[in-house]
Amino acid sequence: MPTEDDPNFTGEPLWDPDELIASLRALADRGLNAKLHATGDGAVRMILDAVEVVRRDHGWDTRFHIAHVEYVHDDDLARFAQLQVVPDASPYLWFPSVMQESMAKQVSAETFERSWPLRRLMDSGALVSCGSDWPCAAPTPDPWTGLATLMTRSNPDPAVTGQLNADEALTVEQALAAFTRNPAQAMGLGEVTGMLRPGMSADFIVLDRDPFTSYPAQLHETAVLRTYFAGDLVYAGRG
């Protein structure tokens, strides 16, 4: 992914490919998992290439996550599902803002317009999982701004207009899965939590509205009335 100032410069990797493969192999040998951060499509490809080698030699027990996945080359979208790599993203970053204005100045318009391809990743079968990136991306880990952004690709503040790559907007069902079921599976807790089913932990919340019927642009205003963990009430708000 070349920069706007110099089409021949695609950045300097912090990892040598062989060094990255060796490190991931060492983790797999120890029964550990790995979460790596990458925003450029070149960095994403380097990680996927390394994971492909490790998968061939060490099998499928190790969990690999790539955080952010801001830019992914079209040829690499299907590889997340094929290699069982989790695209782990923070949707608090995906709306028109000063941060996005700065990014748009660094890369071509064509590259910028394909940022955060969450819908295509989901359509390809990838286990898209979302979180707050807190305390980096938002003042609190409140999920509702992130959920709304997944569906609108717009700034929750109506004073800030525009959408960021609107074709990648998710449905409410996809967005809720990205904040509940999918992260539980990504952490290896898919048989414990993330869904309400017999035999699983009764972890759930009571809301002031139905997210399936609420207007997406107002979803960030959702309030949690009660929180239950393993069936026990652990938080009771007003209302």
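Going by the structure above, here's the rest.
Residues numbered from 1 in each chain as written. Predicted model: local features only at pLDDT ≥ 70, side-chain atom pairs only at ≥ 80, totals over all residues. Heavy atoms only, no water.

(A) Main features of the packing of aromatic side chains. In this structure the tally under the stated criterion is two aromatic pairs. The interplanar angle of 45 degrees and the centroid separation of 5.9 Å between the aromatic rings of tryptophan 94 and tryptophan 116 together place this pair among those described as tilted. Residue tryptophan 94 is found in the loop between strand 3 (85-89) and helix 4 (98-104), and its partner tryptophan 116 is found in the loop between helix 5 (109-112) and helix 6 (118-123); the two are separated by 22 residues along the sequence. By the burial criterion, tryptophan 94 is buried, and tryptophan 116 matches it. (Phe/Tyr/Trp six-rings, centres within 6.5 Å; stacked < 30°, edge-to-face > 60°. Helix = DSSP H or I, 4+ residues; strand = E, 2+ residues; numbered from the N terminus. Buried < 20%, exposed > 50% of the residue type's maximum accessible area, 1.4 Å probe, protein only.)

(B) Summary view of the pattern of salt bridges. Applying the stated criterion to the full structure yields eleven salt bridges. In this structure, the salt-bridge partner of arginine 45 is aspartate 76, at a minimum N-O distance of 2.8 Å. Here arginine 45 is found in helix 2 (residues 41-58), whereas its partner aspartate 76 is found in the loop between strand 2 (64-68) and helix 3 (79-82), with 31 residues between them in sequence. Since its relative accessible area comes to 32%, arginine 45 is described here as partly exposed. Taking relative accessible area as the criterion, aspartate 76 reaches 2% and is therefore assigned buried. (Salt bridge = Lys/Arg side-chain N within 4 Å of Asp/Glu carboxyl O.)

(C) Local environment of the nonpolar core. With 50 residues, the main nonpolar core has Leu24, Ile66, Phe80, Val85, Trp94 and Leu150 as its most contacted residues. Contributing elements (two or more residues each) for this core: helix 1 (17-29), strand 1 (34-38), helix 2, strand 2, strand 3, helix 6, helix 7 (144-152) and helix 8 (172-179). In terms of residue count, the dominant contributor to this core is helix 2 (seven residues). Sequence-distant contacts of leucine 150, that is, excluding residues within four places in its chain, are made with Pro91, Trp94, Cys130, Ala169, Leu170, Ala175, Ala178 and Phe179. (Core = buried A, V, L, I, M, F, W, Y, C linked by side-chain atoms within 4.5 Å. Contact = heavy atoms within 4.5 Å.)

(D) Quick look at unusual backbone geometry. Residues other than glycine seldom take positive phi values, yet glutamine 84 does so here, at roughly 55 degrees. Relative to the assigned elements, glutamine 84 resides in the loop between helix 3 and strand 3. Exposure remark for glutamine 84: the relative accessible area of 47% places this residue in the partly exposed category. A positive phi angle, close to 50 degrees, is found at asparagine 165, a residue other than glycine. Tracing the chain through its elements places asparagine 165 in the loop between helix 7 and helix 8. Owing to a relative accessible area of 10%, asparagine 165 belongs among the buried residues under this scheme.

(E) Inspection of the side chain of threonine 149 at higher detail. Structurally, the position occupied by threonine 149 is in helix 7. Judged by relative accessible area, threonine 149 falls into the buried class, the value being 0%. A distance of 2.8 Å separates the side chain of threonine 149 from the backbone oxygen of threonine 145, its partner in a polar contact. (Polar contact = N/O pair within 3.5 Å; in protein donor to acceptor, adjacent residues only side chain to side chain.)

(F) Structural view of helix 1. Along its 13 residues, helix 1 runs 18 Å from first to last C-alpha, staying within 8% of the 18 Å computed at 1.5 Å per residue. Within helix 1, burial applies to Leu20, Ile21, Leu24 and Ala28. Seen end-on, helix 1 carries its buried residues on one side only, within an arc spanning 100 degrees. For helix 1, the exposed residues lying more than 90 degrees away from the buried face are Asp18 and Asp29. The secondary structure elements touched by the buried residues of helix 1 are strand 1, helix 2 and strand 2. (Expected span 1.5 Å × (residues − 1). Arc of directions from axis to C-beta.)

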